[in-house]
Amino acid sequence: MSVKHGLLAILASGDDYGYRLRAEFDRRTTPTTALNVGQAYATLDRLERDGLVERAAVNGQGHVFYRITTAGLAVLDTWWSTPVTTGASRDELPNKVALAASLRGVDAHGVIAVQQAWTLDLAQDLDSTLAALPPTPQGDIAWIGLDARRRRAAAELEWLAATSARLRARDPAFDVGTDTPRRGRPANRATASAGGADVTSSRPRG
C-alpha cells in the first residue's frame, strides 16, 4: 500500500499530525504489516520536502500538524484516477479501494470503475495473445504464464464487481478520529521560533 498517497488522502480531510495519521492509516487499510509511526513521520518529511504537504500549526501538546498543499491535492487526484497495474504489490489495490470507501467525499465507485476498465482491457489483450499462440512446445510454455495472468484478471474483475455491489448496499465511510493519541512529534525550536500557533486541529468535526 502506498503510504505516501494514503497519508495525502487522509490529510485531504483536514490537518493532522503524524501519530494520529498513522492510526487513521491502519484503521482504513489492511496491509500485511501495520504502518510504523517512524515510517509515517519519514513519509511526511518527504512529502514536505516535495511540496505536497506543509506544516500548519503546533498544538498545546507540541504536536506538529500537517496540511496538504495544492500540489499534494493534484498528486492525490491523479492517484485516485490511475489504475493499479500488475507491477504493484499484492495488497495495493484492495487497500486503495478500502481507503477510498472509508473516506467521506471520495468516489470509491469511480476508483473501482477506473480499475475495471484497465483490467478488462488487459484481459482482452491476453485473450488475443492466447488465441494467437502457435501449436508448438514454445507456444505451450508461453500459454502457462499468459493463462495464469488471464485468470488473475478474471478474478480481479469478479472481485471488483462484488466490491462495487457491496458498497452500493452498505456505506463503510466513517469520520476521521479526533481523539488525542499519547504520542506525536514535538515542535522543534525552528518551528516554534517561526511562530507556530498553539492551536488544535483545523479538521471540522462530524
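What you are looking at is a predicted structure, and each value in this text was computed from that prediction instead of being measured. Numbers given for residues are sequential positions, taken from 1 along each chain in its written order. The predicted nature of this model means local features are confined to residues of pLDDT at least 70 and side-chain atom pairs, given and counted, to a pLDDT of 80 or more, with totals for whole chains, interfaces and linings taken over all residues. Water and hydrogen atoms play no part in the side-chain values, which are based on all heavy atoms of the structure.

On to the packing of helix α6 (residues 108-131) against helix α7 (residues 137-169). Two elements in contact, α6 and α7, have axes whose closest approach is 9 Å; the angle formed by their N-to-C orientations is 155°. Taken together, the axes of α6 and α7 are roughly antiparallel relative to one another. Crossing geometry of α6 relative to α7 is assigned as left-handed. Of the residues assigned to the contact of α6 with α7, the class counts are 14 nonpolar, seven polar and six charged. To get an axis, fit a line to the C-alpha atoms, keeping to the stretch in contact for a helix; angles then go from 0 to 180 degrees between the N-to-C directions. Numbering of helices and strands runs from the N terminus, with a helix taken as a DSSP run of H or I at least four residues long and a strand as a DSSP run of E at least two residues long. An angle counts as roughly parallel when it lies under 35 degrees, as roughly antiparallel when it exceeds 145, as roughly perpendicular when it falls between 65 and 115, and as oblique in every other case. By definition, any crossing whose near helix is turned counterclockwise from its far helix by less than a right angle is left-handed, and any crossing with a clockwise turn is right-handed. Residues were grouped as follows: Ala, Val, Leu, Ile, Met, Phe, Trp, Tyr, Cys and Pro as nonpolar; Asp, Glu, Lys and Arg as charged; and all remaining residues, including Gly, as polar.

Turning our eyes to something else, we now look at the confidence of the model for the chain. In this model, the chain carries a mean pLDDT of 88, and residues with pLDDT of at least 70 account for 87%. When the criterion is pLDDT under 50, residues 186-206 qualifies, and its contacts beyond four places in sequence or with other chains add up to 37 contacts. Think of pLDDT as the predictor's per-residue confidence, scored from 0 to 100. Residue contacts are counted whenever heavy atoms from the two residues lie within 4.5 Å of one another.

It is worth spelling out the layout of surface pockets at this point. With a 1 Å grid spanning the protein atoms alone, the term cavity applies to any set of points in which a 1.4 Å probe fits but cannot get out, the term pocket to an open set with protein on both sides within 12 Å along at least five of seven lines, and the term lining residue to any residue with an atom within 4 Å of a point. Grid points are joined across faces, edges and corners, and a volume is the space filled by probe spheres set on the points. Within this model, the largest pocket holds a volume of roughly 410 Å³. Secondary-structure elements contributing two or more residues to the lining of the largest pocket are α5 (92-102), α6 and α7. Examining the composition of the lining of the largest pocket, we find that five residues originate from one element, α7, more than from any other.

Together, I141, W143 and I144 make up a nonpolar patch on the protein surface, roughly 330 Å² of accessible area in all. Tracing the backbone through its elements, the reader meets W143 in helix α7. Judged by relative accessible area, W143 falls into the partly exposed class, the value being 41%. Only residues whose relative accessible area exceeds 30% and that take part in no salt bridge are eligible for patches, with like-charged residues grouped when within 9 Å of each other and nonpolar side chains (Val, Leu, Ile, Met, Phe, Trp, Tyr) grouped when within 5 Å. Here the open area of atoms and residues is found with the Shrake-Rupley method and a 1.4 Å probe, where only the protein chains shown may cover a residue. For salt bridges, the criterion is a side-chain nitrogen of Lys or Arg within 4 Å of an Asp or Glu carboxyl oxygen. Burial here depends on accessible area, computed with a 1.4 Å probe over protein chains only, as a share of the maximum for the residue type. Under 20% is buried, over 50% is exposed, and the range in between is partly exposed.

Moving on, we get to the pattern of salt bridges. The tally for this structure, following the rule as stated, stands at eleven salt bridges. Here D175 and R104 are joined by a salt bridge, their closest N and O atoms 2.7 Å apart. Pair noted here: D175 is in the loop between α7 and α8 (189-193) and R104 is in the loop between α5 and α6, with a separation of 71 residues, a long-range link. Given the relative accessible area of 48%, R104 is considered partly exposed. Overlapping salt bridges, with partners in common, bring together D15, E54 and R67 in one network.

Time to look at the side chain of N95. With respect to the helices and strands, N95 occurs in helix α5. For N95, a relative accessible area of 0% gives the class buried. Here the side chain of N95 touches D91 through a polar contact of 2.9 Å, landing on its backbone oxygen. Polar contact is the term for a pair of N or O atoms within 3.5 Å; when the atoms are in protein, one must be able to donate a hydrogen and the other to accept it, and sequence-neighboring residues count only if both atoms are side-chain atoms.

A separate point is helix α2 (residues 18-28). Judged by how many residues are buried, α2 sits mostly within the fold: eight of eleven residues are covered. Regarding α2, the residues found buried are G18, Y19, R20, L21, R22, E24, F25 and R28. Elements that come into contact with the buried residues of α2 comprise α1 (3-11), α3 (37-49), β2 (64-68) and α5.

We now examine the packing of α5 against α6. It is at 8 Å that the axes of α5 and α6 come closest, and there the two elements cross at 155°. The pairing of α5 with α6 is recorded here as roughly antiparallel in orientation. From α5, L93, K96, V97, A100 and A101 reach across to α6, where they touch A108, V111, I112 and Q115. Counted by class, the contact of α5 with α6 contains seven nonpolar, one polar and one charged residues.

The next thing to look at is the side chain of D91. Counting through the fold element by element, D91 comes out in the loop between α4 (70-80) and α5. Its relative accessible area of 18% is what places D91 among the buried residues.

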